[in-house]
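The primary structure of each chain is shown beneath.
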Amino acid sequence: MPQTLPPNLSAAQFDRALAGWRAIVGDAHVLSSDAGLAVYIDPFAPGEPHAFAASAAVLPASVDEIRAVLRIANQYRIPLWTVSTGRNFAYGGAAPRLTGSVVLDLQRMNRILEVNETLAYALVEPGVSYFDLYAHLRDKGYKLWVDPPAAGWGSVVGNTLERGFGYTDYGDHAAAQCGMEVMLANGDLLRTGMGGVEIGTAWQLYQPGYGPSFDAMFMQSNYGIVTKLGVWLMPAPPAYLLGEIQFRREADLEAIVEILRPLRLDATIRNHAVIEGGLRRAAGLSPRRQWYDGTGAMPESAVQAMLDKLGVGRWNLHFALYGTPELIDARYALIERAFARVPDARLTAARHAGDAQPTGGGDRNMAGIPAMTAFRMLDWRGGAGAHVDFAPICPATGRDAMRQYTMVKARAAEYGFDYYGGFTAGARHLHHIFAAIFDRDDANQVEQAGALLRSLMSDARAAGYGEYRAHLAYMDFAAAQYSFNDGASLRFAETLKDALDPNGILAPGKQGIWPAAWRDRRGYT
Ligand code: ADP
C-alpha cells in the first residue's frame, strides 16, 4: 500500500508534523507504519477497507498533550478523528470519515477518576471500557451496576457519545450521562453543566447547569474532544428477574408492540426490552449451514424448521425487572396478564438474588455484567464474518413495527440476506436494528451488503423514517434524510462547526457535518 497522506499535504510537511507529535507524546505513541495502522482499518467495511484509511495515529496520555497535539494539527490543517477505544464496529471501527485523517486515539487516558456510591455515579476518562468499570466496581465492592452495551470491550465515553444503549433500567446511555469535560479545536477546555462552577459539588448530579445546556451538542458531532464524562450508575438491586416470552407467528409483532408500549410508558417494564427476531435468536445457538446451505436468503420453510427444532420463537421478547422481590412479583403479574392475550405466547422467567451471575451473554448484560454478545452473529454465515447495520428509529406502534419489519425483510431477501434483526424498546420509540451479515472475503457479498444498505435507507426515507446512527460510508446519506426546510438542521450544524473549528480539523464529515475547508468532500456514496 502506498503511504496515505493527509489531504492537501506533502510528505515532507507530514513528516514535520509527525516529528512534532513524537516530541509531545513519545515515539511509541505515534503510529504511521502499515502494521501500526492495521487496527485503524474498518474490520467490517462494506466495501474497499482502505476507502477510509488513516494516515497516522497519535495516542496522547493527558489533556495537556491533546492541547499540544491540536496546536500542530491547526498549524498544518491536518484533520484528526477522535476515538476512545475505537471499537465502533459495524459503523466504521476506528477508521476516519475523511481519508488521510490522523486518528487521535485516547485509549491511554483510561483512569476511573471517581466513583460515588452514595450518589450513584462515576467519572471516567475516554479509555475506560465497560469491562474496566465493571471490574473496578466489583473489586472495590461498590454496590453499583454498569449498563453494558452488546460489546463490553467498548468505552463508556465512546458508546455514550454515539448514543448507544444497553439492557438494564439505565439502558439509554445518553440520558444517563451527566457532566463532560471537552477540549475545543482551539485548545480551550470546557466543563458542561454544573462543572462550570469552579470548585463544584454537583457536576455529576444535575445535568442542565445554568443557561443553555451543551452536553448533547458533543454527542454524534465533531465540535470537541471529550476528555472526561460522568455516568449515572444503577444502585445494585436486591433482586432481579429475567423474562423471555416466545411468540409463534410473524404477525404477532404488532400485538407485542401494542402490549409492550403501555407497560414501558407506565414503567411496569423499565429496561430496554428487546424484541428479538427468531433468526437472530437461533444464530446464538447454531450456524446457518446446519439449517440451510443454499445461496440467497434462507427460505421460510427452513427458518420455521430451525425455530421449531431449536425451540425458539418467531419473536422473542426479553425483559428484566429490578427491585425488591415484592415489587418484582407485582410487576411480573401485570406483564403475565398483559401478554396472555397473544395466542400461544410462552413465558418463562427466573428471579435471582441481586448478586447472582447468569451465564448466557444476553442474560449477563441484563444483570449488569459486560459480555461480548455482539460478536456471536459473526459465525452465522460462515467465512470471515462481518456485518453492517441499518438502524432506523421506529415509532412504538404495532403498525410501524410491522411496516419496517416487512420492508426490511423483503429488501434483504432481494439482495440475498436473511432478516437478522430486532427491536429495542424505548417508551415511545423502538430502535430497529437490522444487521446485514456477510463474509468479508467474498467480494460479491461485500458489494451486495453495501447495495442493500443504500436501498434500505432510500426505503426508509420514502416512508418517513430516519436512522439514529450510520456507518461512515452512509453518514452523508443519513444526514440528508433530515431534510426539513431544505436541510436547516445540517445548515445549523455546519454554521456551528465553522465557528468552533475554523480550520476544520476535528472529524470532518462526522454525521454529515463538514467544515468549510472540506465541504467539497461531502459524498452520497
Ligand atoms: P467504542 O470503542 O466504545 O465503540 P469509539 O471509541 O469507537 O467507541 O467511539 C465511537 C465514535 O464516537 C468515534 O468514531 C468518534 O466519532 C466518537 N468519539 C469517541 N470518543 C470520543 C471523544 N473522546 N471525543 C469526541 N468524540 C469521540
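Per an unreviewed UniProt entry, the recorded name for the protein is 4-cresol dehydrogenase (Hydroxylating), and the organism is Paraburkholderia atlantica. Under Cofactor (unreviewed entry), UniProt gives the following word-for-word description of the protein: "FAD".

### Focus on the pattern of salt bridges
Close approach of charged atoms allows side chains of opposite charge to pair. Using the criterion set out here, one finds 24 salt bridges in the structure. A salt bridge links D344 to R249, with the shortest nitrogen-to-oxygen separation between them at 3.2 Å. With D344 in the loop between α9 (325-339) and β15 (346-353) and R249 in the loop between β12 (239-247) and α6 (252-265), this pair connects stretches of sequence that are 95 residues apart. D344 gets classed as partly exposed once you look at its relative accessible area, which sits at 48%.

### Describing the domain arrangement of the protein
Its domain assignment divides the protein into domain 1 (11-105), domain 2 (112-235), domain 3 (239-474) and domain 4 (484-521). Listed by partner, the interface residues are twelve residues for domain 1 and 17 residues for domain 2. When domain 1 packs against domain 2, the two sides together hide about 1100 Å² of surface, and 67% of this comes from carbon and sulfur. Interface area lost by domain 1 to domain 2 is led by V63, S84 and R87, which between them contribute 40%. Applying the counting rule to domain 1 against domain 2 returns zero salt bridges. One can count four residue pairs in polar contact (both at pLDDT 80 or more) joining domain 1 with domain 2. Tallying contributions element by element places helix α3 (residues 63-76) first for the side of domain 1 that touches domain 2, with five residues. A class-by-class count of the residues in the side of domain 1 that touches domain 2 yields five nonpolar, five polar and two charged.

### Details of the pairing of strand β19 (residues 429-439)
Here β19 lies mainly inside the structure; ten of its eleven residues are buried. Relative to β19, strand β16 (residues 385-390) runs antiparallel, the two being bridged by six bridges. What sits directly across from F390, in β19, is F434. As paired elements, strand β17 (residues 393-395) and β19 share three bridges and run antiparallel to each other. Bridged to P395 within β19 is H429.

### So, the UniProt feature "domain: FAD-binding PCMH-type" (unreviewed entry) in the protein
When the UniProt feature table is mapped onto this chain numbering, "domain: FAD-binding PCMH-type" (unreviewed entry) sits at residues 50-236. Taken end to end, residues 50-236 is 17% helix and 22% strand, and its first and last C-alpha atoms sit 45 Å apart.

### Some remarks on the packing of helix α11 (residues 398-414) against helix α12 (residues 443-463)
Two quantities define a packed helix pair, namely the angle between the helix axes and the distance between the axes. Interaxial distance between α11 and α12 falls to 10 Å at its minimum, and their mutual angle equals 150°. Judged by the inter-axis angle, α11 sits roughly antiparallel to α12. Crossing of α11 against α12: the hand is right-handed. Contacts from R403, M407, V408, R411 and A412 in α11 reach L452, S455, L456, D459, A460 and A463 in α12. Class assignment of the residues belonging to the contact of α11 with α12 gives a composition of seven nonpolar, one polar and three charged.

Reading guide: rules and limits
- Residues numbered from 1 in each chain as written.
- Predicted model: local features only at pLDDT ≥ 70, side-chain atom pairs only at ≥ 80, totals over all residues.
- Heavy atoms only, no water.
- UniProt positions renumbered as here; feature names shortened; annotations may be inferred.
- Salt bridge = Lys/Arg side-chain N within 4 Å of Asp/Glu carboxyl O.
- Helix = DSSP H or I, 4+ residues; strand = E, 2+ residues; numbered from the N terminus.
- Buried < 20%, exposed > 50% of the residue type's maximum accessible area, 1.4 Å probe, protein only.
- Domains from an automatic or database assignment.
- Contact = heavy atoms within 4.5 Å.
- Buried area = accessible area lost by both parts, 1.4 Å probe.
- Polar contact = N/O pair within 3.5 Å; in protein donor to acceptor, adjacent residues only side chain to side chain.
- Nonpolar A, V, L, I, M, F, W, Y, C, P; charged D, E, K, R; others polar.
- Pairing = 2+ DSSP bridges.
- Axes fitted to C-alpha atoms, helices over the stretch in contact; angles between N-to-C directions.
- Parallel < 35°, antiparallel > 145°, perpendicular 65-115°, else oblique.
- Left-handed = near helix turned anticlockwise from the far one by under 90°.

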